Amino acid sequence: LLDKGWEKERREARVQTLLARLDLPTAVASRRSHQLSGGQRQRVALARALALEPRVLILDEPTTGLDTSTRSRLLDILDSLQRRLDLTYVVISHDLEVVRHLADRVLVMYLGRVVERGPADLLFDRPSHPYTEALVESIPPLDGTVPLEGEVPSAVDPPSGCAFHNRCPKAEPECVNTVPESRAVGRAETRCHFADAVADGNRTSKHPGCDQK
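Residues numbered from 1 in each chain as written. Predicted model: local features only at pLDDT ≥ 70, side-chain atom pairs only at ≥ 80, totals over all residues. Heavy atoms only, no water.

> Tell me about the nonpolar core, and name the residues and values.
In this structure, Leu96, Val99, Val106, Val108, Phe124, Tyr131 and Phe164 are the most contacted members of the largest nonpolar core, which totals 22 residues. Those elements giving two or more residues to this core turn out to be helix H4 (96-102), strand S3 (105-110), helix H5 (120-125) and helix H6 (130-137). Those residues in contact with Tyr131 that lie beyond four places of it in its chain are Val108, Met109, Tyr110, Val115, Leu148 and Phe164. (Core = buried A, V, L, I, M, F, W, Y, C linked by side-chain atoms within 4.5 Å. Buried < 20%, exposed > 50% of the residue type's maximum accessible area, 1.4 Å probe, protein only. Helix = DSSP H or I, 4+ residues; strand = E, 2+ residues; numbered from the N terminus. Contact = heavy atoms within 4.5 Å.)

> Outline helix H1 (residues 8-21), supporting the account with residue identities and numerical values.
Counted at 1.5 Å a residue, the expected span for H1 with its 14 residues is 20 Å, and the 20 Å between its end C-alpha atoms agrees. Within the sequence span of H1, burial applies to Arg14, Leu18 and Leu19. The buried residues of H1 occupy an angular sector of 135 degrees when projected down its axis, which confines them to one face. In H1, the exposed positions angled more than 90 degrees off the buried face are occupied by Glu9 and Ala20. (Expected span 1.5 Å × (residues − 1). Arc of directions from axis to C-beta.)

> Can you explain the packing of aromatic side chains? Please cite residues and give values.
Throughout the structure, instances matching the rule amount to three aromatic pairs. Through pairs of rings, three or more aromatic residues link up here, namely Tyr110, Tyr131 and Phe164. (Phe/Tyr/Trp six-rings, centres within 6.5 Å; stacked < 30°, edge-to-face > 60°.)

> Can you break down the state of the cysteines residue by residue, with the values?
One covalent bond between the sulfur atoms of two cysteine residues makes up a disulfide. Taken as a whole and assessed by the stated rule, the structure comprises zero disulfides. In this structure Cys162 is not part of a disulfide, and its nearest cysteine sulfur, from Cys175, lies 6.0 Å away. Unpaired in this structure, Cys192 has its nearest cysteine sulfur neighbour in Cys168, at a distance of 6.3 Å. Residue Cys192 is classed as buried on the basis of its relative accessible area of 9%. (Disulfide = S-S within 2.5 Å.)

> Help me get a handle on the side chain of Thr63, residues and values and all.
Checked against the element boundaries, Thr63 lands in the loop between strand S1 (56-60) and helix H3 (68-85). Note on Thr63: relative accessible area 7%, which makes it buried. Residues contacting Thr63, with those up to four places away along its chain left out, are Gln42, Arg71, Leu74, Leu75, Asp95 and Val98.

> A description of the sheet that holds strand S4 (residues 113-119) should follow, citing residues and the corresponding values.
Strands sit in the order S3-S4-S6-S5 across an open sheet of four strands; the sheet is antiparallel. Edge positions in the sheet fall to S3 and strand S5 (183-185), since each of these pairs with one other strand and no more. Each neighbouring strand pair of the sheet contributes to a mean axis angle of 25 degrees, computed without reference to strand direction. Note that S5 and strand S6 (residues 188-190) share three bridges and pair antiparallel. Counterpart to Ala184 in the pairing with S6 is Glu189. Across the sheet, H6 lies against S3 and S4, angled at about 110 degrees from S3, the strand it touches most. (Pairing = 2+ DSSP bridges. Axes fitted to C-alpha atoms, helices over the stretch in contact; angles between N-to-C directions.)

See the structure below:
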């Protein structure tokens, strides 16, 4: 705003508009970072990003460190902003509740490689990759962990074949020796030799907390 040579009154009005969009009090404009709560700091960061009037926002773990009520409030604000300002979000998160709340399409990665992608409702209700299936089954997590055995391999030196085979409960010899190609499973794309069987196994079952959109 300073680079555009805006007058003080115009700058202050713009700041107040941005704060109002994020449901922040006027007094926040004159406070230091250490005087704000975690939720307020997250919303101030969003206000700064919105000052540039972007069409796309990248949200990297937007709710990290927030308590349940603050987290829910922030997600509601993000949902409202998306509709009012016609924004596109790229959400990066390990929290599947955040992904489910904000995303229309989901891309699941394991060791830096995309293992499944597709519409959010399909991936939550009928995952076709065992890793996606394990992630969905962790909602809501009882102890913050995903129900998988074995250590996460190195992304620098991944296992042969399917990189997930050493932790996959459905792995077969083919998974150890052959890298699966990405292929269509309904409206999703999956890197799994047995994607159809995984998806069929989830066709009639509902995972906890995964209601059809």
